[in-house]
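# A closer look at the structure
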Amino acid sequence: MNRFATPIWVAERACDKTLGPKMGPCYDWQVRVIALSTIKAFLNRSSGVADARDPVMAWFRQVKQADWARPADVKRDVRNASILKDGRVVFNIAGDKYRIVVWINYPYRVVYIRFIGTHRQYDAIDAQSI
């Protein structure tokens, strides 16, 4: 055996996704969305937002599968997203009827939902500071 060759057990462990930390050649860079409970609370708040369920959940699935390392990646995937300062992004949902404001930690691929509501509710907040 070549003394510089990688032992088989090391090569097998290199792609074991159950081991931590989750780094290395086999790591899936999927975005984490925090928190799904915010979306559920909005959707369950009243029957007036029942038409938001499918578009919001479609947005959630799209974000979960994304690989956003910088704002340009967000804009590439979601053309109607508005990029704000300091990692904030505003997404238009259901034909601009609803808005989702998030803060994205790009190096760690984490999306924090800061606000979800109707367009009218969005007009009443400061998206940069919420």
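Structure: see above.
### A word on the overall build of the chain
- When helices and strands are tallied, the chain shows 5 helices and 5 strands.
- Going from N to C terminus, the chain has its helices and strands arranged as α-β-α-α-α-β-β-β-β-α.
- For the chain, restricting intrachain contacts to residue pairs at least 6 apart in sequence, the fraction spanning at least 24 positions comes to 43%.
- Of the roughly 8400 Å² that the chain leaves accessible, carbon and sulfur atoms contribute 53%.

### Side note on the pairing of strand 5 (residues 110-118)
- For strand 1 (residues 32-34) and strand 5, the ladder comprises 3 bridges, and the chain directions are parallel. Residue pairing in the sheet places Val33 in a bridge with Val111 of strand 5.

### Notes on the pattern of salt bridges
- Summed over the entire model, instances satisfying the criterion amount to 6 salt bridges.
- Between Asp67 and Arg109 there is a salt bridge; the shortest N-O distance is 2.8 Å. Of the two residues, Asp67 is situated in the loop between helix 3 (53-64) and helix 4 (71-77) and Arg109 in the loop between strand 4 (98-105) and strand 5; the sequence distance between them amounts to 42 residues.
- We classify Asp67 as partly exposed; its relative accessible area is 37%.
- Of the residues examined, Arg109 reaches a relative accessible area of 12% and is grouped as buried.
- Through salt bridges that share partners, Arg70, Asp73, Arg76 and Asp77 make up one connected network.

### Side note on helix 3
- With 12 residues, helix 3 extends 16 Å between its outermost C-alpha atoms, agreeing within 8% with the 16 Å of an ideal straight helix rising 1.5 Å per residue.
- Of all the positions in helix 3, only Val56, Trp59, Phe60 and Val63 are classed as buried. Projection of helix 3 onto a plane perpendicular to its axis shows the buried side chains occupying an angular sector of 100°, all on one side. Structural note: helix 3 exposes Asp54 and Arg61 on the side pointing more than 90 degrees away from its buried face.
- Next to the buried residues of helix 3 lie strand 1, helix 2 (36-45), strand 3 (88-93), strand 4 and strand 5.

### Remarks on the environment of Trp103
- One can find Trp103 in strand 4.
- Since its relative accessible area comes to 30%, Trp103 is described here as partly exposed.
- With 15 residues separating them along the chain, Trp103 and Arg88 place their C-alpha atoms 4.4 Å apart.
- One polar contact links the side chain of Trp103 to the main-chain carbonyl oxygen of Asp86, over a distance of 2.9 Å.

### Remarks on the sheet that holds strand 5
- Across the sheet, which stays open at both edges, the 5 strands sit in the order 1-5-4-3-2 with mixed pairing between neighbours. Bordering the open sheet on either side are strand 1 and strand 2 (82-83), each of which pairs with just one other strand.
- Two strands pair when backbone bridges link them, and strand 4 and strand 5 are joined in this way by 8 bridges, in the antiparallel orientation. Along strand 5, the bridge assignment pairs Val102 with Ile113.
- Helix 2 contacts strand 1, strand 4 and strand 5 of the sheet and is inclined by roughly 10° relative to strand 5.
- Sitting on the sheet, helix 3 is in contact with strand 1, strand 3, strand 4 and strand 5, with an inclination near 140° to strand 3.

### A few points about the packing of aromatic side chains
- Per the counting criterion, the structure on display carries 5 aromatic pairs.
- Relative to Phe91, the ring of Trp59 has its centre 5.4 Å away and its plane inclined at 65°; by these criteria the two rings are edge-to-face. Here Phe91 lies in strand 3 and Trp59 lies in helix 3, a separation of 32 residues in the sequence.
- A relative accessible area of 4% means that Trp59 is categorised as buried.
- In this structure Phe91 comes out as buried when scored by relative accessible area, which is 1%.
- Between Phe115 and Tyr122, the aromatic rings sit 6.4 Å apart at their centres with planes inclined by 50°, giving tilted as the arrangement. Just as Phe115 is buried, Tyr122 falls in that class too.
- Among the aromatic residues, ring-to-ring pairing joins Trp59, Trp68 and Phe91 into one connected group.

Conventions used here
Residues numbered from 1 in each chain as written. Predicted model: local features only at pLDDT ≥ 70, side-chain atom pairs only at ≥ 80, totals over all residues. Heavy atoms only, no water. Helix = DSSP H or I, 4+ residues; strand = E, 2+ residues; numbered from the N terminus. Contact = heavy atoms within 4.5 Å. Areas by Shrake-Rupley, 256 points an atom, 1.4 Å probe, with all protein chains shown as cover. Pairing = 2+ DSSP bridges. Salt bridge = Lys/Arg side-chain N within 4 Å of Asp/Glu carboxyl O. Buried < 20%, exposed > 50% of the residue type's maximum accessible area, 1.4 Å probe, protein only. Expected span 1.5 Å × (residues − 1). Arc of directions from axis to C-beta. Polar contact = N/O pair within 3.5 Å; in protein donor to acceptor, adjacent residues only side chain to side chain. Axes fitted to C-alpha atoms, helices over the stretch in contact; angles between N-to-C directions. Phe/Tyr/Trp six-rings, centres within 6.5 Å; stacked < 30°, edge-to-face > 60°.

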